[in-house]
Amino acid sequence: MKITVKDLSTIAAKKNNELNTYKAMLMVCTGTGCVSAGGFVIRDELNKILEQKGLDKEYLVVGTGCNGFCAVGPIIVVQPDGIFYQKVSKDDLEAIVNDHLIQGKIVDNLLHHGKADDSAKKTMKEIEFFSKQELIALRNKGIIDPENIEHYIAHDGYAAIGKVLTDMQPKDVVQEVIDSGIRGRGGGGFPAGIKWQSAVKAVQKRGMPPYVVCNADEGDPGAFMDRSIIEADPHAVLEGMMIGAYAIGASEGYIYIRKEYPLAMIRLEKAIGQAREKGLLGKNILGTDFCFDIHIHRGAGAFVCGESSALMKSMAGKVGEPRAKYVRSVEYGFRDAPTVLNNVETWANIPMILRKGANWFASIGSGDVTGNPWGGSSGTKVFSLVGDINNTGLVEVPMGVTLREIVEDIGGGVPGNRSFKAVQTGGPSGGCLPAEKLDMPVDFDSLTEAGSMMGSGGMIVMDDKTCMVDVAKYFTEFLANESCGKCTPCREGLQTLRETLQNICDGNGCESDVKYLEELATFINETSLCQLGGTAGNPVLSTILYFRDEYQAHIQDKCCPAGYCKLLVTYSISENCIGCTVCAKKCPVNAITGDRKAMHVIDSETCIKCGICVEVCPVDAVEVK
Amino acid sequence: MSEIRIQNMLRKHQVLAEMAYEPTPLRHGYTDKVLRIDIGSKTFDIRPISSQMKELWVGGKGYDLWLMFQEISKNTKWDDPDNVICMSSGPLGGVASFPGSGKTICTTISPATESIMDSNVGGYFGPYMKFAGFDAMVLTGKADDDVIVLIDVPKKKITIEKAPEESPDAHVMCEELTEMYAENEDDKRNIAVVAAGSAADHVWMGVLNFSFYDWRRKVTRIKQAGRGGLGTVFRNKKIKALVIKNKDFTPAWKIVDQPFADDFKIEPTETMVPLDKNTIQTIASKWNNDPEYVIEMMQDIQDQQRYISMECLDELNRITGVPKAQLYHIATFYAAFTLKPTGKHVIQVCVGTACHVKGATKILDSFERELGIKRGNTTDDAEFTLEAVACLGCCSLAPVVKINEDILGNVKAGDVASIIAERRGEQS
Ligand SMILES: Cc1cc2nc3c(=O)[nH]c(=O)nc-3n(C[C@H](O)[C@H](O)[C@H](O)COP(=O)(O)O)c2cc1C
Ligand code: SF4
Ligand code: SF4
Ligand code: SF4
Ligand code: FES
Ligand code: FES
């Protein structure tokens, strides 16, 4: 049934009433992380148990998108109290139903324990991971069913487009977005409102109907913000795009999404289907004159297709090779028409800006964006906090919080008795920041100044057993593999860079190498055609800037201080060995010998440095030096 | 591409003319030599470049136009044997430090405008022509049968050969000739091919393709001198291709620790149902036969068939009208596609940043060891294909491995043997 603007509040009220009839709701995380550990099975089993016990009218099971705290999944949150159960398995469900729902007793062994005081935390609010977070883009994560449009409407969804269509002129919408100061969340940090304004001008100049496009390619390895936003709240992205389309006068929109994200794709397709059914997409949206529809294009696994001109080529069914930047895609984009391309997170923020106002948004974050969006970084940013850190997952924090707050307070620091070494931000175009930089604020300009960048929001923490030369090699190799091959500095230069780094890691580096690396990396940055090559030197430059010692150790002393580079380390067993024989049994090449309860020895001639003995030793007796 | 097929192709070559020569080394960016080849009379001529010509015309387009000026008259038509194709590189040609220094500049009388045109193009040819001892090259005359011209620098000779069997499609022909003249995988970077395809036989705007070897995708790729119908003139002279085999070029970017995937042959098993034309039509219809959605169509084909055969590409070309060369380019460009059949279990080891930091390299090594194959390959029994991929989007479960649709989180190197054994057990 097609609805009008007025119907939105009626639907919301009705749905909220319906949800309020339940004694409690069990929010089962069905984001990709939890699904891989059985999220769907848990949701279905829970439904079955409630049905068997005749409780399905009193309790509602909701499959939600990623809750954020993926490290401890699968997760169930019992609302409205917000009781947080972690690492739930199928066998725990009886206890949750019997103890918690029926008898009102919290199931203690499924609670999260804080790191600082090791006390059991009952609710999400008490857990350190959720502290300091402020949710805008992820406002509905874990509290709605992403596959049900009425849940979204019940949480004020589509209210913003309703307001825009009835009360605002397109140019006011553009102005509101400019005033909010929001800068693109996909990498470049270009002010979204200014981009929209250019598109409007291009439409006037060229008289061609424009397009809005959502970049959901998320090629940055180690980042999954966009995937989670779509999985948790697909309608937020659709609503954002609708507002953008109204503002620039587009009647068609596209979402370019990686094929590696099947769950996100399914949820998007469902969301688009439901929105069309309700008359929120298609002709005469919400009973007004506004017509707009959204289609999906699937990516095929090329990092470079996240770049705007390559993405638009790929959407046209072609090979994704970038073109020179002087032709701007806001003027000549998809099908050669003016095109506004924004990232998933940018789009998801838009409805909130229109609903709560530009001033509200601009007041969050760092710097001052009044009158000039370049003046600071307003709003929040979603980060995927991963790597060597206790609380891995998705966090959304106001711009300007310090790295330390993210890594230590929210992330709970580095696991084991290891120490923090670096945090990598900005994806392959970014850089590695050392411990000295932990107190810097996290926003667009500070990160760039420190030799890294905001990027799309990957934040990879590294402990002291991570070799920074290897990390530089890793990123260079990634980029060399993803280079589209169109221009020479990137295609051939990255190979040379990679080979030089490999030589250093193998202990074959020479004195002049570091200088050569700096020269070549700068050269690649300066002469490449697109921003893939244009930033490809950064991982090398930033690791040299902050970790020059490590390069020197590899080159002069032929040693890898982190104990990582295979050709420079040997494995041995220390006196701590209790002779449990596990490592000897597991070693794939039988390089370990020793009697039960006696110290074991590794034959370094035979050892292939596979690392399995380190993994299995119960007392950390295997040393890598 | 099969060895034998290429060998047979080479056997059909017939040398029509041959000249031994001594390649002139580069001095200050110049060899000061022009190679003139008359395809009609099958004669070669190496001419010196005077210091006056060098001073006045520098190289590139200047050389080309000056050479043309001497070869043609005001009455020369584009399809006269006297029309020439001139190719030249500049003094910076082949110096890797400057953008654009890999270009070749070509000129001829255009069939489209009947006037002189120029076009510039990338690919390996320009630099390799310099390394072969020539600042410029002039092609004139017209052959009776389809020929190729080969400049073999290691053997120090130039030949004109009849070459009947090479594919008339330029993108395939470039692959075939690269394969034919390279001693091994690494040597493919020493081959530069210039070719025009069958379309150039029929239209006035036929392009000339210049190859380079993409080590990462293991495929010969091409750049085009697209302006003015150079390919049409090339074909009108009955030249199929011009090949330079460069000498002992050990590229700085020679891969150290990633041995190239060996070719492997596996017979289709019963799970590998060859797609019939109806299935492809059904898939294409789902996307309204819309050329903008060929990538989606190819994904659907890949999903069903676990690879994309050349026959599928032909069929898609018929249905959508998208040129075969473009489909082939898509199939080799995007990581999601493979032109070789994959195994029953596709193991994707995530080597994204989070997984890398958490030890993905050791896990990948373990899979390679336990399966006895390198990444990018399939086991002989067609059970397992091993791939390294960058980020599956479950980074908080790092290190992550995906086997077909299952995602395994927090994998340890020590688990690998049992993971494989489990999958082996599943099907017996
Ligand atoms: C090599 C390369 C890869 C990129 N990958 C992505 C990506 O995966 N997702 C994304 O949103 N933006 C990506 N970008 C940035 C986009 O080109 C574009 O700036 C962005 O999508 C614009 O949206 P925003 O202004 O909302 O950030 C990439 C850029 C480059 C140069
Ligand atoms: S910089 Fe790299 S990715 Fe970008 S166009 Fe050049 S080769 Fe392609
Ligand atoms: S590293 Fe691997 S090969 Fe070496 S001793 Fe340990 S288990 Fe054996
Ligand atoms: S696993 Fe550790 S404790 Fe056990 S035998 Fe090996 S080194 Fe010793
Ligand atoms: S997927 Fe469940 S918490 Fe992230
Ligand atoms: S880095 Fe491995 S899943 Fe993202």
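Here is what the cut-offs are and how they apply
Residues numbered from 1 in each chain as written. Chains lettered and ligands numbered in written order. Predicted model: local features only at pLDDT ≥ 70, side-chain atom pairs only at ≥ 80, totals over all residues. Heavy atoms only, no water. Helix = DSSP H or I, 4+ residues; strand = E, 2+ residues; numbered from the N terminus. Rg over C-alpha atoms; globule rule 2.2 N^0.38 Å. Buried < 20%, exposed > 50% of the residue type's maximum accessible area, 1.4 Å probe, protein only. Contact = heavy atoms within 4.5 Å. Areas by Shrake-Rupley, 256 points an atom, 1.4 Å probe, with all protein chains shown as cover. Lys, Arg positive; Asp, Glu negative; His and termini not counted. Charge placed at Lys NZ, Arg CZ, Asp CG, Glu CD. Core = buried A, V, L, I, M, F, W, Y, C linked by side-chain atoms within 4.5 Å. Near = heavy atom within 4 Å. Nonpolar A, V, L, I, M, F, W, Y, C, P; charged D, E, K, R; others polar. Domains from an automatic or database assignment. Buried area = accessible area lost by both parts, 1.4 Å probe. Salt bridge = Lys/Arg side-chain N within 4 Å of Asp/Glu carboxyl O. Polar contact = N/O pair within 3.5 Å; in protein donor to acceptor, adjacent residues only side chain to side chain. Pairing = 2+ DSSP bridges. Axes fitted to C-alpha atoms, helices over the stretch in contact; angles between N-to-C directions. Parallel < 35°, antiparallel > 145°, perpendicular 65-115°, else oblique. Patch = residues over 30% accessible without salt bridge, like charges linked within 9 Å, V, L, I, M, F, W, Y side chains within 5 Å.

1. Quick word on the overall build of chain A
Here comes step 1: Along the backbone of chain A there are 23 helices and 21 strands.
Here comes step 2: Taken over C-alpha atoms, the radius of gyration comes to 26 Å for chain A, in line with the 25 Å a tight globule of 625 residues would show.
Here comes step 3: Projected onto the principal axes, the alpha-carbon positions of chain A cover approximately 80 × 65 × 40 Å.
Here comes step 4: Here chain A holds 625 residues, and the buried ones make up 63% of them.
Here comes step 5: If you take every contact in chain A between residues at least 6 apart in sequence, the share linking residues at least 24 apart comes to 70%.
Here comes step 6: Counting every atom, chain A has about 22700 Å² of accessible surface; 49% of that belongs to carbon and sulfur.

2. Some points on the overall build of chain B
Here comes step 1: Helix and strand content of chain B: 14 helices and 18 strands.
Here comes step 2: Put simply, chain B has 428 residues, and 56% of those count as buried.
Here comes step 3: Sequence-distant contacts in chain B: of pairs separated by 6 or more residues, those separated by 24 or more amount to 67%.
Here comes step 4: As presented, chain B carries roughly 18000 Å² of accessible surface, and 51% of it is formed by carbon and sulfur atoms.
Here comes step 5: Put simply, chain B has 51 plus and 59 minus side-chain charges, and the middle of one group is 4 Å from the middle of the other.

3. Focus: the nonpolar core
General note: in soluble globular proteins, nonpolar side chains tend to be found buried as a group.
Here comes step 1: Of all hydrophobic cores here, the largest spans 99 residues; its most connected members are Tyr-158, Trp-196, Ile-257, Phe-292 and Leu-354 of chain A.
Here comes step 2: Residue contacts for Leu-354 of chain A: discarding those within four places in its chain leaves Ala-160, Lys-163, Val-164, Met-168, Val-173, Glu-176, Val-177 and Ile-243 of chain A.

4. Digging into the site of ligand 3
Here comes step 1: The environment of ligand 3 is made up of Tyr-571, Cys-587, Pro-588, Val-589, Ile-592, Ile-602, Cys-607, Ile-608, Lys-609, Cys-610, Gly-611 and Cys-613 of chain A.
Here comes step 2: Of the residues in the shell around ligand 3, the class split is 10 nonpolar, 1 polar and 1 charged.

5. Some points on the domain arrangement of chain A
Residue and element names in this part refer to chain A.
Here comes step 1: Domain assignment breaks chain A into domain 1 (19–128), domain 2 (149–363), domain 3 (379–463), domain 4 (468–557) and domain 5 (570–624).
Here comes step 2: Carbon and sulfur atoms supply 63% of the area buried between domain 1 and domain 2, which totals about 650 Å² over both sides.
Here comes step 3: Looking only at domain 1, the three residues that lose the most surface to domain 2 are Leu-19, Thr-32 and Cys-66, adding up to 51% of its buried area.
Here comes step 4: The interface formed by domain 1 and domain 2 includes 0 salt bridges.
Here comes step 5: Connecting domain 1 to domain 2 are 3 residue pairs in polar contact (both at pLDDT 80 or more).
Here comes step 6: At the level of elements, α2 (32–36) and β2 (59–64) are the ones that each hand at least two residues to the side of domain 1 that touches domain 2.
Here comes step 7: The class makeup of the residues in the side of domain 1 that touches domain 2 is 6 nonpolar, 5 polar and no charged.

6. Re the sheet that holds strand β10 (residues 339–343) of chain A
All names here are of chain A.
Here comes step 1: Spatial strand order, β9-β8-β7-β10: 4 strands in an open sheet with parallel pairing. The outermost strands of the open sheet, each flanked by one partner alone, are β9 (293–299) and β10. When the angles between neighbouring strand axes are averaged without regard to direction, this sheet yields 20 degrees.
Here comes step 2: The pairing of strand β8 (residues 252–258) with β9 spans 7 bridges and is parallel. Within β9, the position partnered with Glu-252 by the bridge is Asp-293.
Here comes step 3: Against the sheet, helix α10 (residues 234–248) engages β7 (211–216), β8, β9 and β10, with an angle of about 150 degrees to β7.

7. Description of the site of ligand 4
Here comes step 1: What surrounds ligand 4 is the set Ile-573, Cys-577, Ile-578, Gly-579, Cys-580, Thr-581, Cys-583, His-600, Cys-617, Pro-618, Val-619 and Ala-621 of chain A.
Here comes step 2: Tallied by class, the residues present in the shell around ligand 4 amount to 9 nonpolar, 3 polar and no charged.

8. Focus on helix α6 (residues 159–167) of chain A
In an α-helix, one turn spans 3.6 residues; hence positions three or four apart end up facing the same way.
Here comes step 1: Along α6 of chain A, the residues classified as buried are Ala-160, Ile-161, Gly-162, Val-164 and Leu-165 of chain A.
Here comes step 2: As for α6 of chain A, its buried residues are in contact with α1 (5–20), α7 (170–180), α10 and α13 (344–356) of chain A.

9. Overview of the side chain of Gln-133 of chain A
Residue and element names in this part refer to chain A.
Here comes step 1: Within the secondary structure layout, Gln-133 lies in the loop between β6 (120–121) and α5 (149–154).
Here comes step 2: Take Gln-133: its relative accessible area is 16%, and that puts it in the buried class.
Here comes step 3: Of the polar contacts made by the side chain of Gln-133, one reaches the backbone oxygen of Phe-129; its length is 2.8 Å.
Here comes step 4: Within the structure, Gln-133 has its side chain in polar contact with the backbone nitrogen of Glu-396 (distance 2.9 Å).
Here comes step 5: Not counting chain neighbours up to four residues away, the residues in contact with Gln-133 comprise Lys-141, Leu-394, Val-395, Glu-396, Val-397 and Ile-410.

10. Quick look at the packing of helix α9 (residues 225–232) of chain A against α13 of chain A
All names here are of chain A.
Here comes step 1: Their axes nearest at 9 Å, the elements α9 and α13 cross at an angle of 45 degrees. Classified by the angle their axes make, α9 and α13 are oblique. Of α13, the residues touching α9 (which contributes Asp-226, Ile-229 and Ile-230) are Val-344, Glu-345 and Ala-348.
Here comes step 2: Residues belonging to the contact of α9 with α13 are distributed by class as follows: 4 nonpolar, no polar and 2 charged.

11. Focus: the pairing of strand β5 (residues 104–109) of chain B
Residues and elements named next belong to chain B.
Here comes step 1: Within β5, 6 of the 6 residues are buried, which leaves it mostly tucked inside the rest of the structure.
Here comes step 2: A two-sided burial pattern is seen for β5, the buried positions comprising Thr-104, Cys-106 and Thr-108 on one face and Ile-105, Thr-107 and Ile-109 on the other.
Here comes step 3: Summarising the sheet, strand β4 (residues 85–88) and β5 pair through 3 bridges and their orientation is antiparallel. Pairing of Met-87 across the sheet is with Cys-106, part of β5.
Here comes step 4: As judged from the 6 bridges shared by β5 and strand β6 (residues 116–121), these two strands associate in the antiparallel manner. If you follow Ile-109 over to β6, its bridge partner there is Ile-116.

12. Looking at the sheet that holds strand β10 (residues 191–195) of chain B
All names here are of chain B.
Here comes step 1: On the basis of which strands lie adjacent, the open sheet formed by 7 strands has the order β1-β9-β8-β13-β10-β11-β12 and mixed pairing. With partners counted over all chains shown, the strands left at the sheet margins are β1 (14–20) and β12 (219–225), one partner each. Within the sheet, the average angular offset between the axes of one strand and its neighbour, ignoring direction, is 20 degrees.
Here comes step 2: Pairing geometry for strand β8 (residues 147–152) and strand β13 (residues 239–245), over 6 bridges, is parallel. If you follow Val-147 over to β13, its bridge partner there is Ile-239.

13. Some thoughts on a nonpolar patch on the surface
Residue and element names in this part refer to chain B.
Here comes step 1: Where nonpolar side chains cluster on the molecular surface, the patch consists of Leu-92, Val-95 and Phe-98 and spans about 250 Å² of accessible area.
Here comes step 2: Relative to the elements of secondary structure, Leu-92 occurs in the loop between β4 and β5.
Here comes step 3: For Leu-92, a relative accessible area of 45% puts it in the partly exposed group.

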